[in-house]
Amino acid sequence: MGFRQGDVSLQLQLQFSIADDPRWALIVARDETADGQFWFSVSTTGIYCRPSCPSRRARPENVRFHETVAAARAEGFRPCKRCNPDGISNDAANTRLIVKACRMMEKSERELSLADLAVAVNLSPSYFHRIFKAAMGITPKHYSAGLRAERLREELVKSDTVTEAIYGSGFNSGSRFYETSQGILGMTPKTYRAGGKNEEIHFALGMTSLGSILVASSRKGIVSILIGDDPDILLRGLQKRFPHAKLIGADADYEGLIARVVSLVDKPRLSSNLPLDIRGTAFQQRVWKALREIPLGCTATYSEIAKSIGAPTAARAVASACAANKIAVVIPCHRVVRNDGSISGYAWGINRKRSLLAKEANAQIGVKPDASFTNRVTSDACR
Ligand SMILES: [Zn+2]
């Protein structure tokens, strides 16, 4: 009787000490930074794992900690097949394979298929596609298209003829290239090769409650809306972005457009319907499209945007796409906030971001009156 009582109290003591051990919290959190610091074994299964093991959590009373892999083995435990505690983690292994695939695409003269890549990294095509997209935010096909576009831009400047550039940048045929080049370059390859010399960009400067504003358009639509303190700096920014284009200012017809943009900044409305000429990588374009779906008066976090474009682990890439936005206000990158809801960096100044959000919160139409700009895109009020 006395023995059994002692056994129970020993068990309770052990349970308390494991659950109370800071290492247990790391296991519960599947904290990758703890990998390599210690290992744990589970008496009921006879296996040992790294702290970040994705398997279902064991009960703490069945868990023991080990300083080394050898110590776990010495006590008769076997390595877990899921988390490979002796080698590198699955996540790290996948990252290596993704990097390998990216390097292959960068070096290859021809476009590699999903099957080619999957064979090279020894994974099934569907699994490779899934981990690539989760890590990179875009599919391997998109990644490869982006590389070819980059190569094409370089080749067009280097090569003597457009045809030479087409083959030099890995396109198999001219017709296929012409189909996609407008989308990639935003202009014909000939115009691009001439350094955008034939392209006309109209622009106008104005004043808003947030400071000076510059609006610039190509034939297709608005290419830039820049906000700042000094109109000269804004204009220099435009010249830097379109070094060879013909910039046309003081155009009476164009003044109407800038008036519309100014009023949009000062009195936010639900929809702008302004024609846009959005130029960016495939990934940036997807992010910017998602930003335009955040309702007026609402905000979303970088992670929420990443999730909404089907790339849940790409929050950091989403943040850089937001920072690369050249069309202020109309592509509302100011509606993206940190995961804790706090307001972080804005290309045109954090105080401007704050003012814009406050203005939009006041201008909300058809949304609950108590809704403020801290509402998330996922909250009911902002759906
Ligand atoms: Zn494991």
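A brief report on the enclosed structure follows.

**Comments concerning the overall build of the protein**
Inference 1: From N to C terminus, the protein includes 16 helices and ten strands.
Inference 2: Considering the protein as a whole, with its 383 residues, one finds that 31% of them fall into the buried category.

**Describing the packing of helix α4 (residues 90–107) against helix α5 (residues 114–121)**
Inference 1: Two elements in contact, α4 and α5, have axes separated by 10 Å at closest approach and are oriented at 130 degrees. Here α5 runs oblique to α4, going by the angle between their axes. Crossing geometry of α4 relative to α5 is assigned as right-handed. Together, L97, K100, A101 and M104 of α4 and L117, A120 and V121 of α5 make up the contact between the two elements.
Inference 2: Here the residues of the contact of α4 with α5 sort into six nonpolar, no polar and one charged.

**As for the sheet that holds strand β5 (residues 200–208)**
Inference 1: Sheet architecture is open: four strands sit in the order β7-β6-β5-β8, paired in mixed fashion. Taken across any chain shown, the strands that pair with only one partner, and hence form the sheet edges, are β7 (222–228) and β8 (246–248). Taken pair by pair, the neighbouring strands of this sheet meet at an average axis angle of 25 degrees, ignoring direction.
Inference 2: Pairing geometry for β5 and β8, over three bridges, is parallel. Across the sheet, the residue bridging to H202 is I248, located in β8.
Inference 3: In the packing of helix α11 (residues 231–241) onto the sheet, the strands contacted are β5, β6 (211–217), β7 and β8, and the crossing angle to β6 comes to about 25 degrees.

**Re the packing of helix α13 (residues 282–291) against helix α15 (residues 315–323)**
Inference 1: It is at 9 Å that the axes of α13 and α15 come closest, and there the two elements cross at 85 degrees. Here α15 runs roughly perpendicular to α13, going by the angle between their axes. Counting all contacts with α13, which are made through F283, Q284, V287 and W288, the residues of α15 involved are A317, V318, A321 and C322.
Inference 2: Classifying every residue of the contact of α13 with α15 gives seven nonpolar, one polar and no charged.

**Details of unusual backbone geometry**
Inference 1: In this structure, N84 is a non-glycine residue whose phi angle is positive, near 45 degrees.
Inference 2: Mapped onto the secondary structure, N84 falls in the loop between β4 (78–79) and α4.
Inference 3: On the basis of neighbour count, N84 is assigned to the partly exposed category, with 16 C-beta atoms found within 10 Å.
Inference 4: Despite not being glycine, V329 has its phi angle at roughly 65 degrees, a positive value.
Inference 5: C-beta crowding within 10 Å serves as the criterion here: with 22 such atoms nearby, V329 is assigned to the buried category.

**What to know about the sheet that holds β4**
Inference 1: Pairing in this open sheet of four strands is mixed, and the strands run β3-β1-β2-β4 from one edge to the other. Where the open sheet ends on each side, the last strands, each with one partner, are β3 (63–66) and β4.
Inference 2: Where strand β1 (residues 39–42) lies against β3, four bridges are found, and the strand directions are antiparallel. Residue S41 lies in a different strand from β3, and its bridge partner there is R64.

**Re the environment of A315**
Inference 1: Tracing the backbone through its elements, the reader meets A315 in helix α15.
Inference 2: When the 17 C-beta atoms within 10 Å are taken as the criterion, A315 is described as partly exposed.
Inference 3: With 13 residues separating them in the primary sequence, A315 and Y302 have C-alpha atoms 5.2 Å apart.
Inference 4: Ignoring any residue separated from it by four or fewer positions in sequence, one finds A315 in contact with Y302, S303 and A306.

**Some thoughts on the pairing of β1**
Inference 1: By the bridge criterion, three bridges tie β1 to strand β2 (residues 47–49) in an arrangement that is antiparallel. Bridge pairing in β2 links F40 to C49.
Inference 2: If you look at the hairpin formed by β1 and β2, you'll find four residues sitting between the two strands, and G46 has a positive phi there, around 75 degrees.

**Brief notes about the nonpolar core**
Inference 1: Formed by 57 residues in total, the largest nonpolar core has its most connected members in V215, I225, V287, L291, I305 and V318.
Inference 2: When neighbours within four sequence positions are excluded, V215 is seen to be in contact with F203, A204, I222, I225, L257, I258 and V261.
Inference 3: With twelve residues, the next largest nonpolar core counts W39, C49, V63 and C83 among its residues.

**Looking at the environment of L357**
Inference 1: Tracing the backbone shows L357 in helix α16 (residues 350–363).
Inference 2: Using a count of 23 C-beta atoms within 10 Å as the deciding quantity, one classes L357 as buried.
Inference 3: Separated by 58 residues in sequence, L357 and T299 have C-alpha atoms that sit 8.4 Å apart.

**Overview of the pairing of β7**
Inference 1: Of all seven residues making up β7, six are buried, and the element is well covered by its neighbours.
Inference 2: In terms of strand pairing, β6 meets β7 through six bridges, oriented antiparallel. Counterpart to L214 in the pairing with β7 is L226.
Inference 3: Connecting β6 to the next strand, β7, in antiparallel fashion are four residues.

**Quick look at α16**
Inference 1: The terminal C-alpha atoms of α16 lie 20 Å apart, and with 14 residues this matches the ideal 20 Å at 1.5 Å per residue to within 8%.
Inference 2: Here α16 has its buried residues at R352, K353, L356, L357 and E360. Down the axis of α16, the buried set is contained in an arc of 135 degrees. They therefore lie on one face. Of the exposed residues in α16, those oriented more than 90 degrees away from the buried face are N351, A358 and N362.

Conventions used here
- Residues numbered from 1 in each chain as written.
- Predicted model: local features only at pLDDT ≥ 70, side-chain atom pairs only at ≥ 80, totals over all residues.
- Helix = DSSP H or I, 4+ residues; strand = E, 2+ residues; numbered from the N terminus.
- Buried ≥ 20, exposed ≤ 12 C-beta atoms within 10 Å, placed from the backbone.
- Axes fitted to C-alpha atoms, helices over the stretch in contact; angles between N-to-C directions.
- Parallel < 35°, antiparallel > 145°, perpendicular 65-115°, else oblique.
- Left-handed = near helix turned anticlockwise from the far one by under 90°.
- Contact = placed C-beta atoms within 7 Å.
- Nonpolar A, V, L, I, M, F, W, Y, C, P; charged D, E, K, R; others polar.
- Pairing = 2+ DSSP bridges.
- Core = buried A, V, L, I, M, F, W, Y, C linked by C-beta atoms within 7 Å.
- Expected span 1.5 Å × (residues − 1).
- Arc of directions from axis to C-beta.

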